[in-house]
Amino acid sequence: MEDPVISISPITPEEFERFRRLLQEHAGIALLPEKRVMVASRLAKRLNFYGLDNYGAYFRLATDPEHPDEFQILVNALTTNETYFFREPSHFEFLRDKMLPAWPTQPLKIWSAACSSGEEAYSLAMVLADKGRNRAWEVLGSDLSTRVLEVARAGIYPLDRIEQLERRLMEKYCLKGVRSQAGHFRVNAELRERVKFEQINLTQPLPGHLGKFDAIFLRNVLIYFDPDTKKRVVENLLPALQPHGYFVVSHSESLHSVTQRLQTVVPSIYRLS
């Protein structure tokens, strides 16, 4: 027999506020009041898993130091991860046509700082492998969610993620699934081995081993932060940028009121002054 589904009381404004404040403090993400239904929906499975009938009880369990794994599951559930290959393609065109030809022969290091399930990091890797003229390069992808990082390391995606991916690059760097994997594809092993993934909280001091990057892509994440958190995150990342390195945000984001240390190259692409 299947376990019975617990009748869960609707999430109260006070319970939502606890989750909202927790996510703000831990990840810098500001949940709007209209996200209350989303929070309840995403966490309902965890309440059922533990046989809990209210969100307050789950909050206490997930924040108990004796359940660190559940706290990470909570964070994974409440962080938004939506992406696809070559999203906002003009940024990859700029990398190919402007950044790469101007860079010296030293190894290139690019950081996809909110990589979600890895599509952005692998898109960057495809450009570097395809147009890097055999120069050494590295791509780091990072995210707060361990769940999406597992997907990124596996490099397996549904075919509906490739709308912006050139057929030539698809054939060169990806393998289409067959039988049980039909409808999916996998980034090939050679490319996967050159892209590293790591859990990093951008609101906290960065790990000392990261070193310096020639470009940092921080796209479609600042929109979830309040103004103070945006400034803290950007100032936190700038020491990891090489002199005159590039800092890329999404077309819907701007850094004009966030920092004075970056100069606009073209809209959404900045350079360390």
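Residues numbered from 1 in each chain as written. Predicted model: local features only at pLDDT ≥ 70, side-chain atom pairs only at ≥ 80, totals over all residues. Heavy atoms only, no water.

**Here's the deal with the sheet that holds strand 5 (residues 184–187)**
Spatial ordering of the open sheet is given by 3-5-4, a layout of three strands whose pairing is antiparallel. On the outer flanks of this sheet lie strand 3 (156–158) and strand 4 (174–176), each paired with one strand and no other. Across this sheet, the average inter-strand angle for adjacent strands is 30°, counted without regard to direction. The pairing of strand 4 with strand 5 spans three bridges and is antiparallel. Across the sheet, the residue bridging to Lys 176 is Phe 185, located in strand 5. (Pairing = 2+ DSSP bridges. Helix = DSSP H or I, 4+ residues; strand = E, 2+ residues; numbered from the N terminus. Axes fitted to C-alpha atoms, helices over the stretch in contact; angles between N-to-C directions.)

**A few points about the pairing of strand 1 (residues 108–112)**
Extensive coverage of strand 1 is indicated by the burial of five of its five residues. Here strand 1 shows two buried faces, one formed by Leu 108, Ile 110 and Ser 112 and the other by Lys 109 and Trp 111. Summarising the sheet, strand 1 and strand 2 (residues 137–143) pair through five bridges and their orientation is parallel. Residue pairing across strands places Trp 111 opposite Leu 140, the latter belonging to strand 2. In this region the chain leaves strand 1, passes through helix 6 (residues 119–131) and returns to the parallel neighbour strand 2; the handedness of that crossover is right-handed. When strand 1 meets strand 7 (residues 213–217), the two strands line up parallel, connected through three bridges. The residue bridging Ser 112 from the neighbouring strand is Phe 217, located in strand 7. (Buried < 20%, exposed > 50% of the residue type's maximum accessible area, 1.4 Å probe, protein only. Right-handed = clockwise from strand over helix to strand, strands pointing away.)

**Notes on the layout of surface pockets**
As a volume, the largest pocket reaches approximately 670 Å³. Each residue belonging to the lining of the largest pocket can be placed in one class, and the counts come to 18 nonpolar, nine polar and six charged. In this structure, the second largest pocket spans a volume of roughly 190 Å³. Contributions of two or more residues to the lining of the second largest pocket are made by helix 5 (90–102), helix 6 and helix 8 (167–173). Top element by residues in the lining of the second largest pocket is helix 6. It accounts for four residues. Residue classes in the lining of the second largest pocket are distributed as seven nonpolar, one polar and six charged. (1 Å grid on protein atoms, 1.4 Å probe; cavity = no way out; pocket = protein on both sides within 12 Å on 5 of 7 lines; lining within 4 Å. Points joined across faces, edges and corners; volume = space filled by probe spheres on them. Nonpolar A, V, L, I, M, F, W, Y, C, P; charged D, E, K, R; others polar.)

**Regarding the sheet that holds strand 2**
Across the sheet, seven strands lie side by side as 6-2-1-7-8-10-9; this open sheet has mixed pairing. Strand pairing shows two members of the sheet lacking a second neighbour, strand 6 (195–199) and strand 9 (262–266), which therefore form its edges. Within this sheet the neighbouring strands show an average axis-to-axis angle of 25°, counted without direction. As paired elements, strand 8 (residues 241–248) and strand 10 (residues 269–272) share three bridges and run antiparallel to each other. Residue Val 248 lies in a different strand from strand 10, and its bridge partner there is Ile 269. Packing of helix 5 onto the sheet brings it into contact with strand 1, strand 7, strand 8, strand 9 and strand 10, and relative to strand 8 it is tilted by some 150°. Here helix 7 (residues 146–154) sits on the sheet and contacts strand 2 and strand 6; the angle it forms with strand 6, its principal contact strand, is near 170°. (Contact = heavy atoms within 4.5 Å.)

**A few points about empty space enclosed by the protein**
One pass over the full model with this rule turns up one cavity of 30 Å³ or more. Estimated volume of the largest cavity: approximately 30 Å³. What lines the largest cavity is simply Leu 22, Leu 23, Phe 71, Leu 74, Val 75 and Leu 78. Contributing elements (two or more residues each) for the lining of the largest cavity: helix 1 (13–27) and helix 4 (68–78). The dominant element in the lining of the largest cavity, judged by the number of residues it contributes, is helix 4, at four residues. Of the residues in the lining of the largest cavity, the class split is six nonpolar, no polar and no charged.

**Things to note about helix 4**
Taken together, the buried positions of helix 4 are occupied by Glu 70, Gln 72, Leu 74, Val 75, Asn 76, Ala 77 and Leu 78. Buried positions along helix 4 lie against helix 1, helix 2 (36–50), helix 3 (55–62), helix 7 and strand 6.

**Focus on helix 6**
What sets the pattern is the α-helix's 3.6 residues per turn: residues three or four places apart point alike. Taking 1.5 Å as the rise per residue, helix 6 with 13 residues should run 18 Å; its terminal C-alpha atoms sit 18 Å apart, in good agreement. For helix 6, the buried fraction is high: 11 of the 13 residues fall into the buried class. Of the residues making up helix 6, those classed as buried are Glu 119, Glu 120, Ala 121, Tyr 122, Ser 123, Leu 124, Ala 125, Met 126, Val 127, Leu 128 and Asp 130. One or two positions beyond helix 6, positive phi appears at Arg 133, with a value near 55°. (Expected span 1.5 Å × (residues − 1).)

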